[in-house]
Amino acid sequence: MSSPASPFGRRRLVVTSLIALLIVPAFFLSARVFSAWRAGYDWAEMDWDSKGHTTLLDFLKAAEIAKRPALVNDRACVEYFRHQDGAIVKTACP
């Protein structure tokens, strides 16, 4: 007579552990995407290092960047800065 399968068998423990390990990064990434999307920037505006195009990493960085008006040589501009330390990421003048 065979014994009933243990609800916490080795295979089930491994699968459950892998799922738990994948949920944490998936949650972090989805929260980051949501924050970047809510930042309200246009896709072209998120080219933080002025390389001519916006990448997925630029999009994800938008979650930690804010903008404020700035006066540069008597011109009204927009200054983008990091929330973490206030460092200026880029300045855009029309």
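Everything below is about the structure printed above this text.
Residues numbered from 1 in each chain as written. Predicted model: local features only at pLDDT ≥ 70, side-chain atom pairs only at ≥ 80, totals over all residues. Heavy atoms only, no water.

**A word on the overall build of the protein chain**
Filter applied, for reference: Secondary structure elements are defined from DSSP: runs of H or I of at least 4 residues count as helices, runs of E of at least 2 residues count as strands, and each element is numbered from the N terminus. Radius of gyration means the value over C-alpha atoms here, while the globule rule gives 2.2 Å times the residue count to the 0.38 power. The buried label applies to any residue whose accessible area, calculated with a 1.4 Å probe on protein chains only, is under 20% of its type's maximum; exposed applies above 50%, and partly exposed to all values in between.
Secondary structure summary: the protein chain contains 2 helices and 3 strands in total. Radius of gyration (C-alpha) of the protein chain: 23 Å, far over the 12 Å computed for a compact globule of 94 residues. Counting only C-alpha atoms, the protein chain reaches 90 × 25 × 15 Å along its principal axes. A burial count over the protein chain gives 20% of its 94 residues as buried.

**What about unusual backbone geometry?**
Positive phi outside glycine occurs at S50, with the angle close to 50 degrees. Mapped onto the elements of the fold, S50 is located in the loop between helix 1 (10–38) and helix 2 (56–61).

**Some details on the side chain of E45**
As a reminder, the rule being used: Whenever two N or O atoms come within 3.5 Å, that pair is a polar contact, provided that in protein one can donate a hydrogen and the other can accept it, and provided that, for residues adjacent in sequence, both atoms are side-chain atoms. Residues are treated as being in contact if the distance between any of their heavy atoms lies within 4.5 Å.
Within the element layout of this structure, E45 appears in the loop between helix 1 and helix 2. Of the polar contacts made by the side chain of E45, one reaches the backbone nitrogen of D42; its length is 3.0 Å. Aside from chain neighbours lying at most four places away, what touches E45 is K67, Y80 and K90.

**Topic: the side chain of T54**
Take T54: it is sitting in the loop between helix 1 and helix 2. Here W43 takes part through its backbone oxygen, which lies 2.6 Å from a polar atom of the side chain of T54. The contact partners of T54, leaving out residues within four places of it in the chain, are W43, A44, M46, D47 and F59.

**Details of the pattern of salt bridges**
What counts here: Salt-bridge detection follows one rule: a side-chain nitrogen of Lys or Arg within 4 Å of a carboxyl oxygen of Asp or Glu.
In the structure shown here, the tally under the stated rule is 7 salt bridges. Close ionic contact of K67 with E45 constitutes a salt bridge, the shortest N to O distance being 3.0 Å. Here E45 lies in the loop between helix 1 and helix 2 and K67 lies in strand 1 (residues 65–72), a separation of 22 residues in the sequence. Under the relative-accessibility criterion, E45 is labelled buried at 16%. K51 serves as the salt-bridge partner of D49, at 2.7 Å between the closest nitrogen and oxygen.

**Description of the sheet that holds strand 1**
Basically, it comes down to this: Between any two strands, at least two bridges found by DSSP are needed for them to pair. Axis lines are fitted to C-alpha atoms, over the contacting stretch for helices. Their N-to-C directions set the angle, which ranges from 0 to 180 degrees.
Spatially, 3 strands are ordered 1-2-3 in an open sheet, and the strand pairing comes out antiparallel. Strand pairing shows two members of the sheet lacking a second neighbour, strand 1 and strand 3 (88–92), which therefore form its edges. Going from strand to strand, the sheet's axes swing by 25 degrees on average, the running direction of each strand aside.

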